[in-house]
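# Coordinate inspection notes
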Amino acid sequence: MTLDLHTLKQMVRGILTTRPDEIGCDECFEQLDRFVEMKLAGKNAAEAMPLVQDHLERCHDCREEFEALLAALRALE
Ligand SMILES: [Zn+2]
């Protein structure tokens, strides 16, 4: 049996999307302000809130919200 890249990607995606500890967009959004505050404070947000980090890496919508929030807060400083 041969595994091509597309098949591998599907498999990896299947593993990632069935992780029992993953959070959804609602939970991500609820914690996003804290996550952004930590980023701005120079703390390791990814380590402190790995589930949010994990979600942001996979969810384009939340990633955009995160970046918009980060940019807005930076502009206020
Ligand atoms: Zn999301």
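Above: the structure in question.
Residues numbered from 1 in each chain as written. Predicted model: local features only at pLDDT ≥ 70, side-chain atom pairs only at ≥ 80, totals over all residues. Heavy atoms only, no water.

## Some details on the coordination of the zinc ion
Filter applied, for reference: Because no water is among the atoms considered, metal sites can look incomplete, with donors defined as N, O and S atoms within 2.8 Å of the metal, or 3.2 Å for Na, K and Ca. Geometry is assigned from the angles between donors: four donors with all angles from 85 to 135 degrees make a tetrahedral site, four or six donors whose opposite pairs exceed 155 degrees while the rest stay between 65 and 115 make square planar or octahedral sites respectively, and everything else is labelled irregular. Per-residue accessibility, obtained with a 1.4 Å probe over protein chains only, is compared with the maximum for each type, and a residue is labelled buried under 20%, exposed over 50%, and partly exposed between these values.
The coordination sphere of the zinc ion, as far as protein atoms go, consists of Cys25 (SG), His55 (NE2), Cys59 (SG) and Cys62 (SG), spread over 2.0 to 2.3 Å. Of note is the zinc ion, whose four donor atoms meet at the metal with angles of 103 to 113° in an arrangement that counts as tetrahedral. Going along the chain, you hit the donors of the zinc ion in the pattern C-x29-H-x3-C-x2-C. When sorted by exposure, histidine 55 lands in the same class as cysteine 62, which is buried.

## Things to note about the pattern of salt bridges
To keep it simple, the criterion reads: Should a side-chain nitrogen of Lys or Arg be within 4 Å of a carboxyl oxygen of Asp or Glu, the pair is scored as a salt bridge. Elements are defined by DSSP. Helices are runs of H or I of four residues or more, strands are runs of E of two residues or more, and each kind is numbered from the N terminus.
Counting across every chain of the model gives three salt bridges. Notably, a salt bridge pairs arginine 58 with glutamate 22, separated by 3.4 Å at the nearest N-O pair. Of this pair, arginine 58 sits in helix α4 (residues 50-58) while glutamate 22 sits in the loop between α1 (5-17) and α2 (25-40), placing them 36 residues apart in sequence. The residue arginine 58 makes a salt bridge to aspartate 54 at a minimum N-O spacing of 2.7 Å. Separated by four residues within a single helix, arginine 58 and aspartate 54 lie in helix α4, roughly one turn from each other. By relative accessible area, which is 12% here, aspartate 54 ends up buried. Several salt bridges share partner residues, and in doing so they unite Glu22, Asp54 and Arg58 into one network.

## Comments concerning the packing of α2 against α4
What counts is decided by this rule: Where helices are involved, their axes are fitted lines through C-alpha atoms of the stretch in contact, as for all axes, and angles between N-to-C directions lie from 0 to 180°. When describing relative orientation, an angle under 35 degrees is termed roughly parallel and one over 145 degrees roughly antiparallel, while 65 to 115 degrees is termed roughly perpendicular and anything else oblique. In this scheme the crossing of two helices becomes right-handed for a clockwise turn of the near helix relative to the far one and left-handed for an anticlockwise turn of less than a right angle. Any pair of residues with heavy atoms lying within 4.5 Å of one another is described as a contacting pair. Three categories are distinguished: nonpolar for Ala, Val, Leu, Ile, Met, Phe, Trp, Tyr, Cys and Pro, charged for Asp, Glu, Lys and Arg, and polar for the others, with Gly belonging to the last.
Taken N-terminus to C-terminus, the directions of α2 and α4 make an angle of 115°; their axes are 10 Å apart at the nearest point. As far as their axial angle goes, α4 and α2 are roughly perpendicular. Pair α2 / α4 crosses with left-handed handedness. Of the residues in α4, those in contact with Cys25, Cys28, Gln31, Leu32 and Phe35 of α2 are Val52, Gln53, His55 and Leu56. Taken together, the residues of the contact of α2 with α4 break down into six nonpolar, three polar and no charged.

## Here's the deal with the nonpolar core
Short version of the rule: Remark: nonpolar core denotes a set of buried residues (Ala, Val, Leu, Ile, Met, Phe, Trp, Tyr, Cys) joined through side-chain atoms within 4.5 Å.
Grouped together as the largest cluster of nonpolar side chains are 14 residues, with contacts concentrated most on Cys28, Leu32, Phe35, Val52, Leu56 and Phe66. At the level of secondary structure, the elements contributing two or more residues to this core comprise α2, α4 and α5 (60-76). Considering each element in turn, this core owes the most residues, five residues, to α2. Not counting residues within four places of it along the chain, the set of residues in contact with cysteine 28 comprises Ile23, Val52, His55, Leu56 and Cys62.

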